[in-house]
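Architecture and fold: a report
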Amino acid sequence: MGASPWPLVIYLWLLDYCWMVNLQEKTAAYYRLGLQLGTHTVDDVISWVDRQIELLDSPSSDLIDLSLMSKSHPLDVLGMLDRLDGDVAQLDVLSAVLADAHTLLREEGDFGPTLARGLRNLYVECGYDVPELFRPICWFDEYYALAQLGLLGTEEEIYQELLAFTASFRELDTTELNT
């Protein structure tokens, strides 16, 4: 009699489950950072959570609690997302959020200063230590402030620089994070 297929079936199920959990953690980190930087709203988060609940046989109590937070303050939603994102670092999803930011910047030109402030805060949260690819995030907020004082170019020039910086991330495939 041959070996039982059950260990393989269980292994494949666990592998699929671990992939789903890892993707869920990464997507939670993506929405958390997007909410922090202003590229996503509480409604976006709730829509994602509701889709997750529909897909899972037994969603976690944290997912269910988050789905009930549509009227909550964004900081409360951030706290709950922080519980869901496991050990996913913000810098691991920053490229995807910057790709979203590029689209939003093109649609809403006045989003630049908000994004710049959020990026500066992220830089501080990361202990002023980010990969070279992300190094420009530390300057945009300061550039906007100097432009407003008439000491460094114009706000439009800073907006164009921010738009060019985020453009380099727009070719990323973020479809798995948006599901």
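Residues numbered from 1 in each chain as written. Predicted model: local features only at pLDDT ≥ 70, side-chain atom pairs only at ≥ 80, totals over all residues. Heavy atoms only, no water.

A look at the overall build of the protein
For the protein, the count of helices and strands is eight helices and zero strands. Reading the protein from its N terminus to its C terminus gives the helix and strand order α-α-α-α-α-α-α-α. Within the span of the protein, comprising 179 residues, buried residues form 39% of the whole. The long-range fraction of contacts in the protein, counting pairs at least 24 apart against all pairs at least 6 apart in sequence, stands at 65%. (Helix = DSSP H or I, 4+ residues; strand = E, 2+ residues; numbered from the N terminus. Buried < 20%, exposed > 50% of the residue type's maximum accessible area, 1.4 Å probe, protein only. Contact = heavy atoms within 4.5 Å.)

What about a nonpolar patch on the surface?
A cluster of nonpolar residues, Leu149, Leu151 and Leu152, forms a patch on the protein surface that exposes about 310 Å² of accessible area. Examined against the element boundaries, Leu149 turns out to sit in the loop between α7 (140-148) and α8 (155-167). (Patch = residues over 30% accessible without salt bridge, like charges linked within 9 Å, V, L, I, M, F, W, Y side chains within 5 Å. Areas by Shrake-Rupley, 256 points an atom, 1.4 Å probe, with all protein chains shown as cover. Salt bridge = Lys/Arg side-chain N within 4 Å of Asp/Glu carboxyl O.)

Overview of the packing of aromatic side chains
Applying the stated rule across the entire model yields eight aromatic pairs. Arranged with centres 5.4 Å apart and planes meeting at 85 degrees, the rings of Tyr123 and Tyr128 form a pair that is edge-to-face. Here Tyr128 falls in the partly exposed class, since its relative accessible area comes to 47%. Ring geometry for Phe165 versus Phe169: centroids 5.3 Å apart, planes at 70 degrees, classification edge-to-face. (Phe/Tyr/Trp six-rings, centres within 6.5 Å; stacked < 30°, edge-to-face > 60°.)

A word on the pattern of salt bridges
Following the criterion strictly, the structure yields four salt bridges and no others. Arg135 is the salt-bridge partner of Glu132, the closest N and O atoms lying 3.9 Å from each other. Connected via shared salt-bridge partners are Arg32, Asp82 and Asp85.

Notes on unusual backbone geometry
Positive phi outside glycine occurs at Tyr128, with the angle close to 60 degrees. Of note, Tyr128 is situated in the loop between α6 (112-125) and α7.

Observations regarding the nonpolar core
Counting 49 residues, the largest nonpolar core has Leu66, Leu81, Leu94 and Ile137 as the members making the most contacts within it. Those elements that place two or more of their residues in this core are α1 (6-37), α2 (42-55), α3 (61-67), α4 (74-84), α5 (90-107), α6, α7 and α8. The dominant element in this core, judged by the number of residues it contributes, is α5, at nine residues. Not counting chain neighbours up to four residues away, the residues in contact with Leu81 comprise Ala28, Tyr31, Arg32, Leu35, Val45, Trp48 and Leu66. (Core = buried A, V, L, I, M, F, W, Y, C linked by side-chain atoms within 4.5 Å.)

Comments concerning the side chain of His40
Here His40 shows up in the loop between α1 and α2. Classification of His40 by relative accessible area gives buried; the value is 9%. A distance of 3.3 Å separates the side chain of His40 from the side chain of Tyr30, its partner in a polar contact. For His40, the residues in contact, after removing those within four places along its chain, are Tyr30, Tyr31, Gly34, Leu35 and Asp100. (Polar contact = N/O pair within 3.5 Å; in protein donor to acceptor, adjacent residues only side chain to side chain.)

Points about α8
Along its 13 residues, α8 runs 18 Å from first to last C-alpha, staying within 8% of the 18 Å computed at 1.5 Å per residue. By the burial criterion, the buried members of α8 are Ile158, Tyr159, Leu162, Leu163, Phe165, Thr166 and Ala167. As for α8, its buried residues are in contact with α5, α6 and α7. (Expected span 1.5 Å × (residues − 1).)

Some words on the environment of Leu163
In this structure, Leu163 sits in helix α8. Spatially, the C-alpha atoms of Leu163 and Arg106 are 7.6 Å apart, while their sequence positions differ by 57 residues. With residues up to four places along the chain from it excluded, the contact list for Leu163 reads His102, Leu105 and Arg106.

Remarks on the packing of α5 against α8
The relative placement of two packed helices comes down to the angle between their axes together with the axis-to-axis distance. Orientation of α5 relative to α8, taken along the N-to-C sense of each, is 140 degrees, at an axis distance of 8 Å. Comparing the axis directions of α5 and α8 gives the class oblique. In terms of crossing hand, the pair formed by α5 and α8 is left-handed. Side by side, α5 and α8 meet where Leu98, Ala101, His102, Leu105 and Arg106 of the first sit next to Tyr159, Leu162, Leu163, Phe165, Thr166 and Ala167 of the second. Broken down by class, the residue content of the contact of α5 with α8 amounts to eight nonpolar, two polar and one charged. (Axes fitted to C-alpha atoms, helices over the stretch in contact; angles between N-to-C directions. Parallel < 35°, antiparallel > 145°, perpendicular 65-115°, else oblique. Left-handed = near helix turned anticlockwise from the far one by under 90°. Nonpolar A, V, L, I, M, F, W, Y, C, P; charged D, E, K, R; others polar.)

Purely geometric numbers; function is a separate question.
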